[in-house]
Amino acid sequence: METIKLVYPVEGGDMIEAGEASSKMKLTLKKLGLPQDVIRRASICMYEGEINMVIHADGGEAEVEVDMDRIVLRMTDTGPGIPDVEQAMQEGYSTAGPTARELGFGAGMGLPNMKRYSDEMTIETEVGKGTVVTVVIKIPQ
Amino acid sequence: MSMRHSVVLDDRRCRGCTSCIKCCPTEAIRVRGRKATILPDRCIDCGNCIRVCPHKAIKSVGDALERLKEFSYCVALPEPALYTQFQHLDDVDIVLNGLLKIGFHKVWEVARAAELISAFEHECVLRRGRPAVTPQISSSCPTVMRLIRMRFPKLIDHVACTILPMELAAILARREAEAETGLAPEQIGVFAIVPCSSKVTAARVSQGLREPVLDGAFAVRDVYLRLLTPMRELERVEPHSTAGALGLSWAACGGESAARASEGCVAVDGIENVIRMLEEIEDGRLPEADFLELSACTQGCVGGCFNVENPYAAKMRLRGLMKGLPETRSSFTLQGPAQEIVRRDKQLQYLPAFLLDEDREAAMAKQLRIQALESHLPGLHCGSCGAPSCHAFAEDVVLGRASEDDCIFKVRARMRDMAGEGGADEYLPAPFRRQQPLHHD
């Protein structure tokens, strides 16, 4: 079967609106009748990805691919890139600015959460060019 | 069991204007043949369409008060929101005495039942500590419960185990009436007086109880009109009210959570806000919350679509009525095994109204067709097809509820084919024309 593709633009600088892509994706996944746990994990990853793109990269694009056995989320931005991926993956490490922190973000749990709730995760990044974070969530048969 | 919604359309008044289709939080309304129609599986009785209809064609009807004649003894269960509808009312007993003049033989306040539910919840928290599943979600708004069952199935386990206050009131009132009168159960009519359409539906089909416990529900506004004169002409006011400030407070959003007296309570009113909150809870974004009071209506039950007074004024009056009242006035409490009647006796079931197909592969195939069709639609969400958005229209076509030709843009393409390039514009209304120069003189 052909893969279902969903694309959601994520606006930069708007932390209040972050979560919109996650909500929209969630409704579609529910209409497909996917297992609740899969939907929950996908939406947590999507939300964290959205927040990351809003805080660090002035927005970007979230792409979702769904087929019978997995969901792939791909978050693409043209932000500053991640100089040290290993460090960024550590829980509690964050480079978020004071505005984001005031709103309760920047706890350094974004990427670690995406790792925790997904089955596979890859980060392609280049300083000054941007970042692509891809996570895979398998759908149990 | 088929849904017996209380929200109905008056075909003579409906002009097919499409105002309602866009305000429906579950996309449950379509316009067909110049008349709005409700998809019954999707409707959650929130009353948004009733509030927005410019032709007053969408209504919710409570039972007719004439139904009191079917019974030899009738009990009124007034919801506390009823008390907030009267100007300069300083004593709830005036309302209760009024009810006894218009055909009821006994009153049993829903606010009292609310206090019993609060006491039960409070004791559960004391005895067992923080519940295993948090946050708990209040089960007091039938619209919110239906929304959760339809769109947030993962949160069904979070919904509190208690029945509606009016249901508890009905059970207890019927028991009392049977004991006091010695009449057979079928001779006793138990009727709630409710502020919203969803409670009329709930009186007909309970979400939490296998057997119905109410004989019907009257709309606040219908009872209000009947009450005005008798309330004015009361010669003396007998004391009947035993509800305290705690029970009354349930009429406004925030009252139920205040009664719980715990810190992690969140009170949310308005259906759109409720949906946003449920999205967050579903993703685990509010770990510190332990109780959510969610009301579909603005300001809670005082904002119900059956009320006469606006929600803000009603809330002001509620504060006035609560002033000086002790938290609770009734010495009646439920102890030990008797407390079990506050619990649901059936599980809340998932309602698959949004599911494209039972079979996942078929659902995915339909999703692909929906997206393919949607990509050729204009994305204006003009409503001319009768659906609330281009996406909903694409879904309707794929699910067999609409034809592709219902889209005015598809029609335009056909007209252009017939009339030649540009010719179709003349036949289209301004928003749909390809070019529309605006002249400023």
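To be clear, the structure that these remarks concern was listed above.
Values in this document were obtained by computation on a predicted structure and should not be read as measured data. (Residues numbered from 1 in each chain as written. Chains lettered and ligands numbered in written order. Predicted model: local features only at pLDDT ≥ 70, side-chain atom pairs only at ≥ 80, totals over all residues.)

**Digging into the overall build of chain B**
Put simply, the rule is: A run of H or I in DSSP becomes a helix once it reaches four residues, and a run of E becomes a strand once it reaches two; helices and strands are each numbered from the N terminus. In this setup the radius of gyration rests on C-alpha atoms only. A globule is expected at 2.2 Å times the number of residues raised to 0.38. With C-beta atoms placed from the backbone, the exposure class of a residue follows from how many other C-beta atoms lie within 10 Å of its own: 20 or more, buried; 12 or fewer, exposed; in between, partly exposed. By the convention adopted here, residues make contact when the C-beta atoms placed from their backbones lie within 7 Å.
What chain B contains, in helices and strands, is 15 helices and eleven strands. Taking 22 Å as the expected radius of gyration for a compact globule of 441 residues, we find that chain B reaches 25 Å, a close match to that expectation. The C-alpha extent of chain B, read off along each of the three principal axes, is 80 × 50 × 50 Å. For chain B, with 441 residues in total, the buried portion stands at 45%. Contacts in chain B between residues far apart in sequence, at least 24 positions, make up 74% of those at least 6 positions apart.

**Description of the overall build of chain A**
Counting its regular elements, chain A contains five helices and five strands. The linear arrangement of helices and strands in chain A, starting from the amino end, is β-α-α-β-β-α-α-α-β-β. Here chain A has a C-alpha radius of gyration of 14 Å; the compact-globule value for 141 residues is 14 Å, and the two agree. The principal-axis extent of the C-alpha atoms belonging to chain A is close to 45 × 30 × 25 Å. Residue pairs in contact within chain A that sit at least 24 positions apart in sequence constitute 62% of those at least 6 positions apart.

**Remarks on the sheet that holds strand β5 (residues 73-78) of chain B**
Residues and elements named next belong to chain B. Filter applied, for reference: At least two DSSP bridges between two strands are needed for those strands to be called paired.
Ordered in space as β6-β5-β8-β9, the four strands form an open sheet in which the pairing is parallel. Of all the strands in the sheet, the pair left with one neighbour each is β6 (106-107) and β9 (216-219). Two elements, strand β8 (residues 188-194) and β9, share four bridges in a ladder whose sense is parallel. From the neighbouring strand, valine 194 faces β9, where its bridge partner is alanine 219.

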